[in-house]
Amino acid sequence: MSLLDVRDLSVVFQRRGERPFTAVDKVSFSVEPGQTVGLVGESGCGKSVTSLAIMGLLPKRGNKVTGEVRFEGANLLKLRPDDMRDRRGRDIGMIFQDPLSSLNPVIPIGVQVAEVLERHQGMDRRKALREARQLLDAVGIPDPERRLKEYPHQISGGMRQRALIAIALACKPRLLIADEPTTALDVTIQAQILTLLKQLVDETGTALIMITHDLGVVAGLCDTVNVLYGGKVVERAARHELFARPRHPYTHGLLNSVPRLDSVRGERLHAIRGSVADNIPWTEGCAFAPRCDHVVDACLEGAPPLEPTATGGDLRCNNPVPVEVTVP
Amino acid sequence: MTERTEPLVELRDVKVHFPIKSGLLVDRTVGYVYAVDGVSLSINAGETYGLVGESGCGKSTLGRGLLRLVEPTDGEVVFDGTDVRSLKGESLRRTRRRMQMIFQDPLSSLDPRQSVESLLVEGLKAHGLADDKAATGKRLRETLDAVGLPGSALSKYPHEFSGGQRQRIGIARALVLNPELIVADEPVSALDVSIQAQVLNLLEDLQNERGLTYLIIAHDLAVVRHIADTVGVMYLGGLVEEASSDDLYREPMHPYTRALMSAVPVPDPLVEDRRERILLAGDLPSPTNPPAGCRFHTRCPWAQPTRCADERPALREVLGGHRVACHYAEEIAAGRIRPHEVEPELVRPDDGGSPGDTGELIPTP
Ligand SMILES: Nc1ncnc2c1ncn2[C@@H]1O[C@H](COP(=O)(O)OP(=O)(O)OP(=O)(O)O)[C@@H](O)[C@H]1O
Ligand SMILES: Nc1ncnc2c1ncn2[C@@H]1O[C@H](COP(=O)(O)OP(=O)(O)O)[C@@H](O)[C@H]1O
Ligand code: SF4
Ligand code: SF4
Ligand SMILES: [Mg+2]
Ligand SMILES: [Mg+2]
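Residues numbered from 1 in each chain as written. Chains lettered and ligands numbered in written order. Predicted model: local features only at pLDDT ≥ 70, side-chain atom pairs only at ≥ 80, totals over all residues. Heavy atoms only, no water.

An unreviewed UniProt entry lists chain A under the name Dipeptide/oligopeptide/nickel ABC transporter ATP-binding protein, with Micromonospora sicca given as the organism. For the record of chain A, the UniProt heading Subcellular location (unreviewed entry) holds the text "Cell membrane". (UniProt positions renumbered as here; feature names shortened; annotations may be inferred.)

Another aspect to go through is the pairing of strand S10 (residues 238–244) of chain B. It is a general feature of regular strands that their side chains alternate between the two faces of the sheet. Residues and elements named next belong to chain B. Within S10, 7 of the 7 residues are buried, which leaves it mostly tucked inside the rest of the structure. Hairpin remark: strand S9 (residues 230–235) followed by S10, antiparallel, with 2 residues in the connecting loop; positive phi at leucine 236, about 45 degrees. As judged from the 2 bridges shared by S10 and strand S12 (residues 322–324), these two strands associate in the antiparallel manner. Bridge pairing in S12 places glutamate 241 opposite valine 324. (Buried < 20%, exposed > 50% of the residue type's maximum accessible area, 1.4 Å probe, protein only. Helix = DSSP H or I, 4+ residues; strand = E, 2+ residues; numbered from the N terminus. Pairing = 2+ DSSP bridges.)

Here we come to the confidence of the model for chain B. All names here are of chain B. Within chain B, residue pLDDT values average 89, and 93% of them lie at 70 or more. A low-confidence stretch, residues 351–365 stays under pLDDT 50, and its non-local contacts, those more than four residues away or across chains, total 39 contacts. Scored by ipTM, the complex comes to 0.89, with pTM at 0.90. (pLDDT = per-residue confidence, 0-100. Contact = heavy atoms within 4.5 Å.)

Even without being a glycine, glutamate 72 of chain A presents a positive backbone phi close to 45 degrees. Topologically, glutamate 72 of chain A is positioned in the loop between strand S4 (63–71) and strand S5 (74–75). Classification of glutamate 72 of chain A as partly exposed rests on a relative accessible area of 33%. Unusually for a residue other than glycine, asparagine 178 of chain B sits at a positive phi of about 55 degrees. As for its placement among the helices and strands, asparagine 178 of chain B is situated in the loop between helix H5 (163–175) and strand S7 (181–185).

Bringing the pairing of strand S4 (residues 74–79) of chain B into the picture now. All names here are of chain B. Bridge count for strand S1 (residues 7–22) against S4 is 5 bridges, and the pairing is antiparallel. Within S4, the position partnered with glutamate 10 by the bridge is valine 78. Both S4 and strand S5 (residues 82–83) contribute to a ladder of 2 bridges, which runs antiparallel. Among the inter-strand pairings, valine 78 is bridged to a residue of S5, identified as aspartate 83. Counting the residues in the hairpin turn of S4 and S5 gives 2 residues, including aspartate 80, whose phi is positive at 50 degrees.

All names here are of chain A. One finds Ile95, Ile165 and Tyr250 to be the most contacted residues of the largest nonpolar core, which totals 66 residues. The dominant element in this core, judged by the number of residues it contributes, is helix H7 (residues 157–169), at 8 residues. Split by domain, this core shows at least three residues from each of two domains, domain 1 (32–57 + 80–222) and domain 2 (230–259 + 273–315). In this view, tyrosine 250 contacts Gly41, Glu42, Val227, Leu228, Tyr229, Val234, Ile272 and Phe288; residues no more than four positions away in its chain are not counted. (Core = buried A, V, L, I, M, F, W, Y, C linked by side-chain atoms within 4.5 Å. Domains from an automatic or database assignment.)

Bringing the site of ligand 3 into the picture now. Taken together, His248, Pro249, Cys286, Phe288, Ala289, Cys292, His294, Cys299, Pro304, Cys317, Asn318 and Asn319 of chain A form the complete shell of residues around ligand 3. A class-by-class count of the residues in the shell around ligand 3 yields 8 nonpolar, 4 polar and no charged. (Near = heavy atom within 4 Å. Nonpolar A, V, L, I, M, F, W, Y, C, P; charged D, E, K, R; others polar.)

Turning our attention to the domain arrangement of chain A. Residue and element names in this part refer to chain A. Assigned domains within chain A: domain 1 (32–57 + 80–222) and domain 2 (230–259 + 273–315). For domain 1 and domain 2, the distance between their C-alpha centroids amounts to 31 Å. For the pairing of domain 1 and domain 2, the buried interface totals around 760 Å² over both sides, and the portion due to carbon and sulfur atoms is 63%. Of all residues in domain 1, the largest losses of buried area upon contact with domain 2 belong to Glu42, Leu215 and Ala219, amounting jointly to 61% of the total for that side. Summed over the shared surface of domain 1 and domain 2, the number is 0 salt bridges. (Buried area = accessible area lost by both parts, 1.4 Å probe. Salt bridge = Lys/Arg side-chain N within 4 Å of Asp/Glu carboxyl O.)

Looking now at the sheet that holds strand S7 (residues 175–179) of chain A. Residue and element names in this part refer to chain A. Pairing within the open sheet is mixed, and its 8 strands lie in the order S6-S7-S8-S3-S9-S10-S12-S11. Strand pairing shows two members of the sheet lacking a second neighbour, strand S6 (92–95) and strand S11 (307–308), which therefore form its edges. Pairing geometry for strand S3 (residues 36–40) and strand S9 (residues 224–229), over 4 bridges, is parallel. The partner of valine 40 across the bridge, within S9, is valine 227. Across the sheet, H7 is in contact with S6 and S7; its angle to S6 comes to roughly 170 degrees. (Axes fitted to C-alpha atoms, helices over the stretch in contact; angles between N-to-C directions.)

Now for the packing of aromatic side chains. Scanning the entire structure with this criterion turns up 7 aromatic pairs over all chains. Ring plane angle 80 degrees and centroid distance 5.1 Å describe the contact between tyrosine 229 of chain A and phenylalanine 288 of chain A, whose orientation is recorded as edge-to-face. Taken as a pair, tyrosine 229 of chain A in strand S9 and phenylalanine 288 of chain A in the loop between helix H11 (249–257) and S11 lie far apart in primary sequence, 59 residues in all. Each member of the pair, tyrosine 229 of chain A as well as phenylalanine 288 of chain A, carries the same accessibility label: buried. A ring pair is formed by tyrosine 256 of chain B and phenylalanine 296 of chain B, whose centres lie 5.4 Å apart and whose planes are at 70 degrees; its orientation type is edge-to-face. Here the residue tyrosine 256 of chain B occupies a position in helix H9 (residues 255–263), and phenylalanine 296 of chain B occupies one in the loop between helix H10 (269–274) and strand S11 (316–319), the gap between them amounting to 40 residues. The residues tyrosine 256 of chain B and phenylalanine 296 of chain B share a single accessibility class, namely buried. Put simply, the rings of Tyr229, Tyr250 and Phe288 of chain A touch in pairs and so form one group of aromatic residues. Positioned above the aromatic ring of tryptophan 282 of chain A is the side chain of lysine 232 of chain A, whose terminal nitrogen or guanidinium carbon lies 5.8 Å from the ring centre. It is arginine 225 of chain B that lies over the ring of tyrosine 249 of chain B; its NZ or CZ is 4.2 Å from the centre. (Phe/Tyr/Trp six-rings, centres within 6.5 Å; stacked < 30°, edge-to-face > 60°. Lys NZ or Arg CZ within 6 Å of the ring centre and 35° of its normal.)

Contacts between chain A and chain B engage 57 residues on the former and 54 residues on the latter. Carbon and sulfur atoms supply 57% of the area that chain A and chain B bury against each other, a total of about 4800 Å² over both sides. Counting the surface chain A buries against chain B, the share from its top three residues, Thr188, Leu261 and Arg265 of chain A, is 18%. The tally of links between chain A and chain B comes to 3 salt bridges. The salt bridge partner of arginine 260 of chain A is aspartate 268 of chain B, with a shortest N-O separation of 3.3 Å. Here chain A is connected to chain B by 17 residue pairs in polar contact (both at pLDDT 80 or more). Contributions of two or more residues to the side of chain A that touches chain B are made by helix H5 (125–138), helix H6 (144–147), H7, helix H8 (187–204), helix H9 (215–221), helix H10 (239–244) and H11 of chain A. Looking at the side of chain A that touches chain B element by element, the count peaks at 8 residues for H8 of chain A. Tallied by class, the residues present in the side of chain A that touches chain B amount to 21 nonpolar, 18 polar and 18 charged. (Polar contact = N/O pair within 3.5 Å; in protein donor to acceptor, adjacent residues only side chain to side chain.)

Set out below in structure tokens:
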């Protein structure tokens, strides 16, 4: 049994007087214990909504969530809010892009870590604070004893993200969901945080869902990568396979369009034309078709299915990039 | 690279300090933010100078100081032979037309109530260039065409466009005045990856067609390396290294540049798996209270017991065309000095790292 099994997860937003909007469209993927799984795609492709749906953190009104989210077999979507709250923090930890908004501004950092331990592990305050100090130390916060008493605005963005990681990992969850955890940080601080995450995942055996728009972050971290476009998984492959032989025209285009630090200078970037504003609804065809160089007639006759590839991945495309020309 | 031409822009020891005020009734200056603290560089006509560095190091302030959108505290800003800081009135206005700016967030830099036409005409009017209706119409359409937007865009409003298209409007607004220099502050960092490439290609095409000179400010080293002829790396208000884009990439010499470069993720697992990262300890110190001596010495893995903590290194030519602000650049390049572990200093977001507030040793993994 997988640790997490997401089956046909859909999220439809419906505001009064507006047409329903499908932000996540039958997304399926699974996470094995200890595995690091990437969700990548551009802004608006449904990454955050997917993670919020898994955690049961979407707003109560204005949306409809369907499908299954099985965590060790139990469907999280069917849990009562109380039980779900219990699972969050104990079994599943979460880190967001903006640590300041996920920390309570009027409670000292140490107490925030300690409260998690008290709530989920039944520790008393003194023991919890001692444990909190060790956690802050483990995530590389200098002078943890003093940091215990400080408030979020008194420490830098990078240190706040470390504090949030300490909170997320306090109960040794079996799954950690990180939604753009380093996007707001400088690149040298990002390197610190990614190294820390990698090290913690290795040491504790926690599985990790890494959500990011940055293909570079995925390349160094994820075992399996899911590429999202327009709310659907369009390609899934093992890390090395995906980067060496991207088969979906969108993945291929993305990899060709990013300037690389180690590429030959002066080479023109291969941009993907148009923008997501040009997408067609999946009900009419492949959403990417208006931007795609590989488009064939079948692409405008309904959504192509997600089909297994010879290399153990999955691909949603009528006319994929041939294997021999995919090396960027 | 093209042959050396005359510099269009020369900055000499430019400083921009922002006073920190306190007091309710009487404004008292209690300190300064040393946002830009002595930067000298020159930009050759027709070339692209890329400025990189982490948040708060003073990149935008330097760009704004160059255009006099903020007044430099000290130093010379020479544009095409004249010191811009000495210009006033009509001569300042005439020079301003020749230097334009593109901003990071296309939406917040464009007034949502103005149509694209009025956004573009605004600048022309300010410089008395919109008197002839027919000629103006032609100029607007040509400009839109140059940035890849249809003429029908003129009657639309910014919110009707995607992020990439809005950035094209921002570029058109700069371009319509026919400037010689464009300062682009994070022109692609708000854009999706697939759109970034379109805008970078457009900037390159426009430069080739019109011989534009660019100062491109970005925190993304890969973007800067791609587009710039010369790259300057800033740390806490100062340039720490400057070289041609290729030289800087091939042999970064300043310890900070080395760390910065090693931190940039590369979208290639084969590269990522083999990479050695230089992880810096702790955070960027605050520019209100920059460390004495070499500003990087609190985080530098190569810092030495002599000079680093008390003598600010000058930016000096270490190899042909390669300038580095480090006392020990040669020794580090030759491997005679080895990196060591650094204790992270705790930096507070508001008041900067106070002296003596060092944490316990956290080994860099
Ligand atoms: N008008 C101002 N008044 C006071 N301080 C300012 C002002 N403008 C900028 N600063 C400060 O000057 C320093 C440099 O800011 P600047 O915006 O130039 O950095 P930057 O390198 O462009 O950073 P980023 O990458 O975040 O855009 C920062 O500490 C900033 O807070
Ligand atoms: N609460 C909401 N109400 C309506 N639409 C939403 C809501 N949250 C997200 N969306 C929309 O769902 C889509 C996916 O959003 P999101 O998952 O946040 O994207 P990202 O991949 O950038 O994380 C976007 O088009 C977004 O505008
Ligand atoms: S299904 Fe067709 S339009 Fe969609 S990505 Fe594949 S080839 Fe392109
Ligand atoms: S001068 Fe000293 S502290 Fe500064 S970069 Fe060079 S070695 Fe490091
Ligand atoms: Mg998101
Ligand atoms: Mg800036």
